[in-house]
Structures are given as C-alpha cells and as structure tokens.
Amino acid sequence: QVQLVESGGGLVQAGGSLRLSCAASGRTFSDYTMGWLRQPPGKEREFVAAISRYGSTTHYTASVKGRFTISRDNAKNTVYLQMNSLKPEDTAVYYCASQSRGLILNRPSEYDYWGQGTQVTVSS
C-alpha cells in the first residue's frame with residue numbers, strides 16, 4: 001500500500017505562487033510515476049502534471065504549461081508542484097497520485113493511489 005499526503009495548499013491572489021508537496025510512504029518511491037490531478041468545484045477530476053520515475057520526463061496539461069513545474073526528490077520520497085502565475089481557474093482540490101505503469105499519464109483512472117487532497121483557491 002502506498003500512502004500519499006499532500007500539503008501546501010491555501011488561498012492566494014491571482015498572479016501569486018504556491019508550492020504543493022506530496023510525501024509518500026514506502027521504500028520503492030522511484031518505482032512509481034507520480035502525478036498531480038485536480039478537481040475544480042462542481043467539475044470532474046482532471047490531469048495536471050506527471051513526472052517519470054527518475055524525474056527525466058514531465059508532462060503537463062496545456063492550461064498549466066509554462067506556469068507549473070512538477071519535480072521529485074526520490075531520496076525524500078516527495079513530489080512537488082510549483083505553481084506560478086496562478087489564475088482563478090486554477091482553483092481546485094489538488095491531489096497527488098501514483099501509478100506503477102507510466103504509459104498513460106493524463107488519465108485519472110490510470111492512477112492507483114491517491115492522497116487526501118489539498119485545497120488551492122485563487123482569488124481575483
């Protein structure tokens with residue numbers, strides 16, 4: 001069982017920044033592709049970003065490219081999402097998730113384990 005705990009959410013003004021962190025349990029963190037996904041209020045869960053097992057490649061949904069950066073530190077069993085130039089439409093519950101396959105990265109159903117979520121609210 002993989003356990004994931006997100007932190008770093010909060011309320012910021014448009015144009016501001018936040019860094020989300022996700023701490024993972026276990027001893028084989030590097031075996032997993034990691035992703036950040038989000039669920040805006042009243043909408044379905046959507047993919048945001050993913051990073052390969054050793055951090056060599058990243059993938060982002062178009063709306064966050066150039067603004068968000070996903071990274072990981074396998075020695076600390078932690079994945080991060082640096083969010084800059086935040087917009088009100090970024091408001092959502094953000095989830096850290098992992099998958100063991102690493103082939104289909106932008107589909108929420110591919111992720112096996114999920115954190116509890118952290119709220120990000122961007123005011124205008």
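Quick look at the structure, then. Going along each chain's sequence as written, the residues are numbered from 1 onward. Given that the model is predicted, a residue must reach a pLDDT of at least 70 before its local features are reported, and side-chain atom pairs must reach 80 or more before they are shown or counted; all residues, however, enter totals for whole chains, interfaces and linings. The basis for the side-chain values is all heavy atoms of the structure; hydrogens and waters are excluded.

Under the scheme applied here, a residue whose accessible area is under 20% of the maximum for its type counts as buried, over 50% as exposed, and between as partly exposed, the area being computed with a 1.4 Å probe on protein chains only. For the purposes of this entry, the term helix denotes a DSSP run of H or I that reaches at least four residues, the term strand denotes a run of E that reaches at least two, and both are numbered from the N terminus. Where burial is concerned, most of strand β5 (residues 46–51) is hidden: 5 out of the 6 residues are buried. Alignment of strand β4 (residues 33–39) against β5, held across 5 bridges, turns out to be antiparallel. Opposite Trp-36, over in β5, you have Ala-49 as the bridge partner. The turn joining β4 and β5, which pair antiparallel and follow one another in sequence, is formed by 6 residues; a positive phi near 75 degrees is taken by Gly-42. Note: β5 against strand β6 (residues 58–60), 3 bridges, orientation antiparallel. Looking across to β6, one finds that Ala-49 is bridged to Tyr-60. The pairing criterion for strands is at least two bridges between them, as found by DSSP. The antiparallel hairpin formed by β5 and β6 contains 6 residues in its connecting segment, where Gly-55 sits at a positive phi of about 80 degrees.

Looking now at the sheet that holds strand β7 (residues 68–73). Hydrogen bonds between backbone groups are what pair the strands of a sheet, and the pairing can be parallel or antiparallel. With antiparallel pairing, 4 strands are arranged side by side in an open sheet as β1-β3-β8-β7. On the outer flanks of this sheet lie β1 (4–7) and β7, each paired with one strand and no other. With direction set aside, neighbouring strand axes in the sheet form an average angle of 15 degrees. The sheet contact formed by β7 and strand β8 (residues 78–83) spans 6 bridges and is antiparallel. Bridging from a neighbouring strand, Phe-68 pairs with Met-83 of β8. Only the contacting stretch of a helix is used when fitting its axis, a line to C-alpha atoms as for every element, and angles between N-to-C directions run 0 to 180 degrees.

Before going further, it helps to spend a moment on the pattern of salt bridges. Every case where a carboxyl oxygen of Asp or Glu lies within 4 Å of a side-chain nitrogen of Lys or Arg is listed as a salt bridge. All told, the structure shown has 5 salt bridges when counted by the stated rule. Measuring nitrogen to oxygen at the nearest pair gives 2.7 Å for the salt bridge that ties Arg-67 to Asp-90. One end of the pair, Arg-67, is in the loop between β6 and β7; the other, Asp-90, is in the loop between β8 and β9 (92–99), and 23 residues separate them in sequence. Summarising the burial analysis for this pair, Arg-67 and Asp-90 share the class buried. The residue Asp-112 makes a salt bridge to Arg-101 at a minimum N-O spacing of 3.1 Å. Of this pair, Asp-112 sits in the loop between β9 and β10 (113–114) while Arg-101 is found in the loop between β9 and β10, placing the two residues 11 residues apart along the sequence. Look at Asp-112 and you get partly exposed, because its relative accessible area is 35%. The exposure class assigned to Arg-101 is partly exposed, which follows from its relative accessible area of 38%. Linked by salt bridges that have partners in common, Arg-38, Glu-46, Arg-67 and Asp-90 make up one network.

The next thing to look at is the nonpolar core. For this analysis, a nonpolar core means a set of buried residues of the types Ala, Val, Leu, Ile, Met, Phe, Trp, Tyr and Cys, connected via side-chain atoms within 4.5 Å. Counting 27 residues, the largest nonpolar core has Trp-36, Phe-68, Val-79, Leu-81, Met-83 and Tyr-94 as the members making the most contacts within it. Residue assignment for this core shows that the elements contributing at least two residues are β3 (18–24), β4, β5, β7, β8, β9 and β11 (118–123). When residues of this core are assigned to their parent elements, the largest contribution, 4 residues, is made by β3. Counting 5 residues, the second-largest nonpolar core is a separate cluster that includes Leu-37, Phe-47, Ala-50 and Ala-97.

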